[in-house]
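Geometric and topological summary
So you can see what is in the structure, the chains are spelled out below.
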Number of protein chains: 4
Amino acid sequence: MSKSLDKEVELFSSSIAEDSQLYLYDLWGSAAHSRMLEKIGLLTSHEGYSLRQGLRAIKQEIEEGRIAFSGFEDIHSLIEARLRELQGEVGEKLHTARSRNDQIVLDEKLFLREEIINIVERIHNLQKALLAKAQENLTLVMPGFTHLQPAQPVLFAHHLLAYFSMTKRDVARLMDNLERVNTLPLGAGALAGTSIPIDRFYVAKLLAFPSVQDNSMDVVSDRDFILEFLGNVALLFIHLSRMGEEIVLWSSPAFHFIEIDDSFTTGSSIMPQKKNPDVAELIRGKTGEVISSWISLATTLKGLPLTYNRDLQQDKPPLFRSIKEVKASLRIAARLIENIRPIKEEMEKALRDGFLTATDFCEYLVTKGVPFRKAHQMVGELVKQLASRGASFRELTPSDLSPFSDFLDQDFIPYLEEKTSVERKASFGSSSPWEIERQLREATQWIAEQEEAINSLRKEWHESFERVLMRESAE
Amino acid sequence: MSKSLDKEVELFSSSIAEDSQLYLYDLWGSAAHSRMLEKIGLLTSHEGYSLRQGLRAIKQEIEEGRIAFSGFEDIHSLIEARLRELQGEVGEKLHTARSRNDQIVLDEKLFLREEIINIVERIHNLQKALLAKAQENLTLVMPGFTHLQPAQPVLFAHHLLAYFSMTKRDVARLMDNLERVNTLPLGAGALAGTSIPIDRFYVAKLLAFPSVQDNSMDVVSDRDFILEFLGNVALLFIHLSRMGEEIVLWSSPAFHFIEIDDSFTTGSSIMPQKKNPDVAELIRGKTGEVISSWISLATTLKGLPLTYNRDLQQDKPPLFRSIKEVKASLRIAARLIENIRPIKEEMEKALRDGFLTATDFCEYLVTKGVPFRKAHQMVGELVKQLASRGASFRELTPSDLSPFSDFLDQDFIPYLEEKTSVERKASFGSSSPWEIERQLREATQWIAEQEEAINSLRKEWHESFERVLMRESAE
Amino acid sequence: MSKSLDKEVELFSSSIAEDSQLYLYDLWGSAAHSRMLEKIGLLTSHEGYSLRQGLRAIKQEIEEGRIAFSGFEDIHSLIEARLRELQGEVGEKLHTARSRNDQIVLDEKLFLREEIINIVERIHNLQKALLAKAQENLTLVMPGFTHLQPAQPVLFAHHLLAYFSMTKRDVARLMDNLERVNTLPLGAGALAGTSIPIDRFYVAKLLAFPSVQDNSMDVVSDRDFILEFLGNVALLFIHLSRMGEEIVLWSSPAFHFIEIDDSFTTGSSIMPQKKNPDVAELIRGKTGEVISSWISLATTLKGLPLTYNRDLQQDKPPLFRSIKEVKASLRIAARLIENIRPIKEEMEKALRDGFLTATDFCEYLVTKGVPFRKAHQMVGELVKQLASRGASFRELTPSDLSPFSDFLDQDFIPYLEEKTSVERKASFGSSSPWEIERQLREATQWIAEQEEAINSLRKEWHESFERVLMRESAE
Amino acid sequence: MSKSLDKEVELFSSSIAEDSQLYLYDLWGSAAHSRMLEKIGLLTSHEGYSLRQGLRAIKQEIEEGRIAFSGFEDIHSLIEARLRELQGEVGEKLHTARSRNDQIVLDEKLFLREEIINIVERIHNLQKALLAKAQENLTLVMPGFTHLQPAQPVLFAHHLLAYFSMTKRDVARLMDNLERVNTLPLGAGALAGTSIPIDRFYVAKLLAFPSVQDNSMDVVSDRDFILEFLGNVALLFIHLSRMGEEIVLWSSPAFHFIEIDDSFTTGSSIMPQKKNPDVAELIRGKTGEVISSWISLATTLKGLPLTYNRDLQQDKPPLFRSIKEVKASLRIAARLIENIRPIKEEMEKALRDGFLTATDFCEYLVTKGVPFRKAHQMVGELVKQLASRGASFRELTPSDLSPFSDFLDQDFIPYLEEKTSVERKASFGSSSPWEIERQLREATQWIAEQEEAINSLRKEWHESFERVLMRESAE
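All of these numbers come straight from a predicted model, not from anything done at the bench.

**Describing the side chain of Asp360(A)**
Residues and elements named next belong to chain A.
- Turning to its location among the elements, aspartate 360 is positioned in helix α14 (residues 358-367).
- Overall, the relative accessible area of 1% leaves aspartate 360 in the buried class.
- Setting aside chain neighbours within four positions, we find aspartate 360 in contact with Tyr415, Ser421, Arg424 and Lys425.

Written as structure tokens, this is what we have:
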């Protein structure tokens, strides 16, 4: 270029405020690249050592805050420039057979695969809090709701475990996502590959990637793995928002199903009596930021021609923002669950209103041979009559029951009892105490297995990092 | 209820305009439910037969257009009501141990697992069109672009195969999604399970579900599988939008890289000379509808308390809309690819502008021992000089080359030749002809395997449908 | 074109399923165009009459269902083709100095300006329902909430009027929007204007457009007025969603602040006792569809080069969908408000819990010279002590009050009374009964003025329609 | 509260990282509040002076970096606490008759009304750059495009002015928005107003608000003005994205309609010949962030019950993000326009391909009495024949023209000349040079008027700030 870049343009187009977060991954990937160049004879082992020595020095400088980021276009340029300063001409050899176009994707994949694991770990922590709270309250019965109307008695533990089921799917989606993240992009060059006979499979092995991403034009255009991740995180956050909503509801005096510990509520600047469920509200409120992060990247990608376009730089703000929000919210959500206390008496009081065992009554009649729809209609009539005189199932009179006389045995009265309704549940996945115990057992087992898998991946990556970048005997 | 539903409310809250599309799945699931009720003794075999006879009759009535949908709240109510009319009191028994809350999820899962397969099949068709077009043009070289600026020579086939790689990931995501769709929800009841000892595993076997969904409160609240699907379809559509953009660009006289067959272009109402790439534009334009479908459901789900809320009815418009758009666009996209013809001369002309082999020159110098960054700088200088006098690599003079004299052999001239640049590419995934042939081979193989897997699923489901609903010897 | 359009392409690219809704506007605009062509001498008065006779005939044919839409690309082509059939060669003259590019924008603007008025009218109906319900319950006190925690006593009417204030802003935004819709696009041609000396100001006068849209390249690229509209409708729907949420909450037995009339609630297929607020849930749930309509068009428009691109055809699905949803929801929302009945006793019961007059107490102390923050702290302490022994302000003992002894007169006890708290409110916009009466009065006045403005516009447009298209003495 | 807030909760729920940006507005509003409390006798003039002295001191401390923000919940708490430290007990009086719920809305409105003006000013700067570039190139003709296919000759200035028209609408929308921002919220209290006889109209006058926002429950729940703003900014950014797309296209060698100055393009890390339009790409790419900011807040607001909920705190990240992005992009976009140079020869070359005057030919025939549709068909046939033999209008033979012999005079040949086509344009808003001159004149006039209006507002606000907070003679 005959002219140097305009200062404002430099500032406008710099991504270093964001991608400096990736420095560790850039150094790690660069070290692996240097080892491969050595293997294929483009660097001597002396040169390779010197480069990595420089990379290690830069790592230390960054971590000690001795490098000023501003003024650089991106983290890659910064590291390359500093390497040239520290190690001299050999620094000019590192960029051989590599472009920033494939390098940035490598950095993002190394970074994101770790963050996926970090998020999964925090999901596990939330799940453990849910399981522990369920375990503590194994026999506690509450009204289950549909349409925010009391519907049938359920176990409080059953309700908590619904969030286990949701987040278990979140983990499954993230682990599927991980497969598409965990594949080596480096070696795609700017877009067309390279005439230098690089060994991409060797780099993959060094960096613990199980596979090598194929078509180079696709590689440098591809941000699918990020959009998929943002979608997964948004769905996870939708689950958190539903939990947040319920905690707001339950802690409202209208319900009063739970107390939130004082250390987890805040007051009002004007109303001295207030005790607000701010944490639950904020979790619910942050959902917008995460849902919109998906839209941000989807909008950016839509209609872009191949291959790399500078628009792709805009993948970072939504990615980093979502990760930050989801990690913070998962952590505080787990602690919030620990800090709620169910109020048994209020739950029981709510059970008594609303004919919650009407379905049990119908199912009783079915066992006596009444077709379900007829039973439904008969019980509906009965409920209407009771309600019109302000009575509940507790106040049944013989005349109320006369239409049922053909079907009722002496044994039917307990069927109307709300607290024991769950004990009659007989189906897989239902609210019966035995089912809940099974669900708890299996959930605990599943978390243990998942944790093992995660730890094993983490160990593998840590070893790669050490082996590729950090550990090297002086020549 | 003491009063009947207001007429306007009935109309406002009815979902039958949409869920009538699910009638086949509602009948199929109902047949399976009846067989299970038979197995556990709540229906006699005579009753079961009678119910299924009614379901078959309703199927025929619907398919012959003899049933008026309007006036019903949803497809479930319609079928239950008609069953009662056709088969009498036994019709009142079918809803035993079942709620519309679990029934609708069953219908949606039966429906969606088939549509996923249908979409995957249409992706395969698009992929085959891409592979065929690549195969026909194996040696055709074009400029590869970054920032919409010519960057390096690539094979046209390489570019087409990038879309194969993208859509291959789409298939992987949809098949992962399928696992979470393909699990039985029925048996969750309204929210709490049931006191009737139903056999959910038997129903799963009948309906060819490999697993049974656990926690019943989660089951009736869960639309995750749809949101995940909408996200996957949106990403697939983003790929189509990028292809659409490129076809619009390439068919513009400014590029003129392709001709679209006249049967695939439209004219102008005022400008008689126009030949517009409307299909590509529409595919690109429809992306908004599909991206927004994800947002539609995400917004609906955000902050909903458990379990079923009527808001969930709004899962259907975005689901049905997305499926319709993506199926139509995939089909026409495959045919659009068949109907484009690359213009070799224009691609070659474009190759000659823009110093596309500058990177090749750098890589040549690297093999001669010049550090890459130095080579990059030297070639950059040369390009600047040539450009300033309007010359290309073809017009190099000895004095241009004098700075390189230490590094150049006689063999270097072919390195500047654009058409042969791809032949020098040596890396896995690159634009070299041998790599493209490998990619084509593997792609063909992969499609064949996938098709087999899909056909096997489809066969299994078809057999379930026949066995459960259609095939029954009269008593 | 040497080949005719592929059948599938024809189907894929046709917009007639949607734009046939615009037929009336297309006929109206065409009639105005013909009158202008007459004025500038490009049509004889005989030709003009003949064309409009044809347009009137087509109107009748469409309204009597005698025209098959399918097979046409769009409504413009259909009308032009039919005109040729009915009136012969003169039909070929109508498209003079007009392109579908400016014609479709005209149709959309004629359509949308009416729909804006229709929506504003339905907002007024909802507002009237709110005002009527407020008027009926002028003195009813309920807890006002922040964080879904009871905060201070407010008038039920005050709460309802908050929705009046929100929707009043919606009207203002829509009327601002209308100004940008209500400007004539016709005459932009395909993109560049025309060499035929058309009189755009005459057309504007005929069609009752107060102004003519300038730059022709902008005109045919512009869908801003639709995106603005979709944003306004989304915000309106967010208000409806908040109202929906509150009706769901209030009708839950946990609150039981209102009863919804039976004709506005639905039952359960399994639980005979249920009475669900489906209408409120559906209004809340439909918000996703409307919010996402904005995203749909925003995504479509993003990054489109000038001028017309076929992608713009995709403006119609989100536009028509939003209008349909918002009109239906406004209508049913107004009736829902009419069908709720506040439960005074439950509101009063809820008032008694939660120290709702703590702020009143603070404000009392302020008038006695205590700095607010100190008063806030003292009352906070008192509340904490009372709460710890399960007491309310009703059970204050002298020892509770001793820290306040310097500031309390005999008059302070009524300050703790919840039901009269609103009567002490003194600020503009507050919950005092006098303020509410003022708000009601002003609201009624404002609606009356707005209705007049709307009726006047509607009349003007109706007259243009009659004068331009319908009324014509035979030659 | 019996327990202090958990440390992690404190961190999670603090908004000070964002709302500290509002300190100036918080101080300004607090000063006005103190003056009103003085007026109604709740503060002595000594107390009022002392409070404002404290506020001024805090302003200085913040601006000199002497205040640590972290550890505070929000900017209001920080200022209140510091005021107490600096001025003693009087600091406890400032919060009288005020809640953070109305205070934060005040701060946001004071802030946003200024930022709207700032953005409008930057739009004017972009518009001036467009007008200047148009003025420099008044007679430059280029192909106008539809469907990215050359359609008709247009003036380059006409194309630039299309962006003036778009952004003029953006200004109109923002100024309409301003009306809804520029109304006083303070005095709503926590939600219900206050029993203290505050004078809200006096505060409005002090702070230069033309009106006072009514219903207090609405006031503290209302973030409509922010969502409206985000929608307006998103639409403005869509315009920028379209301009960015066009600059990317035009600077691609395929078009080569413009050169971007070297100081506004960047190179490649691997390809030494590259000159990339990064600024235009980044502007286009940033659209996702701004579109998604609207979605973020829309999702947050959807379904929230009245009145204040902590979710509302999440209005700040999308608001601040959008303002930052739009201000930076507007500034660089103006300079980008200054730094492009149209390439006359390339535009002329492109004019010659593609029968761009076919419409002119049709319009000529119309003036000779041929019905437009017939002319369209005849010219279409001619174009097809010419194209099939690779000829243009320049190579017309007498036999080509024979079908037209009845209609052609000697004067018709210039009608096919592309460069003069614009001179024949006769309609308002068209591409004729006289029209462009008119558009330029009116645009310049409009900007001047707008600037005056803006400056007057800015002056008024500045004076309020000085009068209310800064200027005070010591007692």
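**Observations concerning the pairing of strand β2 (residues 149-155) of chain C**
Residue and element names in this part refer to chain C.
- Within β2, seven of the seven residues are buried, which leaves the element mostly enclosed by the surrounding structure.
- For strand β1 (residues 141-146) and β2, the ladder comprises six bridges, and the chain directions are antiparallel. Bridge pairing in β2 places phenylalanine 145 opposite proline 150.
- Where β1 folds back onto β2 in an antiparallel hairpin, the turn is made up of two residues, including histidine 147, whose phi is positive at roughly 55°.

**Considerations on the packing of aromatic side chains**
- Per the stated rule, a full pass over the model turns up 66 aromatic pairs over all chains.
- Ring centres 6.3 Å apart and planes at 80° place the aromatic pair Phe361(B) and Phe393(B) in the edge-to-face group. Of this pair, Phe361(B) sits in helix α14 (residues 358-367) while Phe393(B) sits in the loop between α15 (372-388) and α16 (398-401), and the two are 32 residues apart along the sequence.
- Of the residues examined, Phe361(B) reaches a relative accessible area of 0% and is grouped as buried.
- Geometry around Phe209(D) places Arg113(D) over its ring, the cationic atom sitting 4.5 Å from the centre.

**Side note on the interface of chain A and chain B**
- In this assembly, 101 residues from chain A lie in contact with 101 residues from chain B.
- Of the roughly 8600 Å² buried between chain A and chain B, counting both surfaces, carbon and sulfur atoms make up 59%.
- Considering only the side of chain A, the residues that lose the most area to chain B are Arg242(A), Leu306(A) and Phe428(A), jointly responsible for 9% of the buried surface there.
- Counting every contact that joins chain A to chain B gives 16 salt bridges.
- The partner of Glu228(B) in a salt bridge is Arg173(A), and the shortest N-O contact between them spans 3.1 Å.
- Our count for the chain A to chain B interface comes out at 54 residue pairs in polar contact (both at pLDDT 80 or more).
- A per-element tally of the side of chain A that touches chain B places helix α10 (residues 224-251) of chain A first, with 13 residues.

**So, the relation of the copies chain C and chain D**
- The transformation that overlays chain C on chain D combines an axial shift of 0.0 Å with a rotation of 180°, and the residual RMSD is 0.1 Å. Each copy turns onto its partner about a two-fold axis. Of every C-alpha in chain C, the one belonging to Gly231(C) sits nearest the axis of rotation, 3.2 Å from it.
- Looking at chain C, 100% of its interface residues are interface residues in chain D too, so the copies touch through the same face.

**Observations regarding the packing of helix α6 (residues 100-136) of chain D against helix α10 (residues 224-251) of chain D**
Residue and element names in this part refer to chain D.
- Interaxial distance between α6 and α10 falls to 12 Å at its minimum, and their mutual angle equals 20°. For the element pair α6 / α10, the angle class is roughly parallel. Considering how the two elements wind past one another, α6 and α10 form a crossing that is left-handed. Counted together, Val105, Glu108, Lys109, Leu112, Ile116, Ile119, Ile123, Leu126 and Leu130 of α6 and Phe225, Ile226, Phe229, Leu236, Leu240 and Met243 of α10 form the full contact between these two elements.
- Tallied by class, the residues present in the contact of α6 with α10 amount to 13 nonpolar, no polar and two charged.

**A short note on the environment of Gly303(D)**
- Its location among the elements puts Gly303(D) in the loop between α11 (278-301) and α12 (316-338).
- When near neighbours in sequence (up to four residues on either side) are disregarded, Gly303(D) contacts Ser241(C), Arg242(C) and Glu245(C).

**Considerations on the relation of the copies chain A and chain B**
- Of the transformation placing chain A onto chain B, the axial shift is 0.0 Å and the rotation is 180°, giving an RMSD of 0.1 Å.
- Taken together, the interface assignments show that 100% of the residues at the interface of chain A recur at the interface of chain B, consistent with an identical surface on both copies.

How each quantity is defined
Residues numbered from 1 in each chain as written. Chains lettered and ligands numbered in written order. Predicted model: local features only at pLDDT ≥ 70, side-chain atom pairs only at ≥ 80, totals over all residues. Heavy atoms only, no water. Helix = DSSP H or I, 4+ residues; strand = E, 2+ residues; numbered from the N terminus. Buried < 20%, exposed > 50% of the residue type's maximum accessible area, 1.4 Å probe, protein only. Contact = heavy atoms within 4.5 Å. Pairing = 2+ DSSP bridges. Phe/Tyr/Trp six-rings, centres within 6.5 Å; stacked < 30°, edge-to-face > 60°. Lys NZ or Arg CZ within 6 Å of the ring centre and 35° of its normal. Buried area = accessible area lost by both parts, 1.4 Å probe. Salt bridge = Lys/Arg side-chain N within 4 Å of Asp/Glu carboxyl O. Polar contact = N/O pair within 3.5 Å; in protein donor to acceptor, adjacent residues only side chain to side chain. Least-squares fit on C-alpha atoms with pLDDT ≥ 70 in both. Axes fitted to C-alpha atoms, helices over the stretch in contact; angles between N-to-C directions. Parallel < 35°, antiparallel > 145°, perpendicular 65-115°, else oblique. Left-handed = near helix turned anticlockwise from the far one by under 90°. Nonpolar A, V, L, I, M, F, W, Y, C, P; charged D, E, K, R; others polar.

Nothing here speaks to function; it is geometry throughout.
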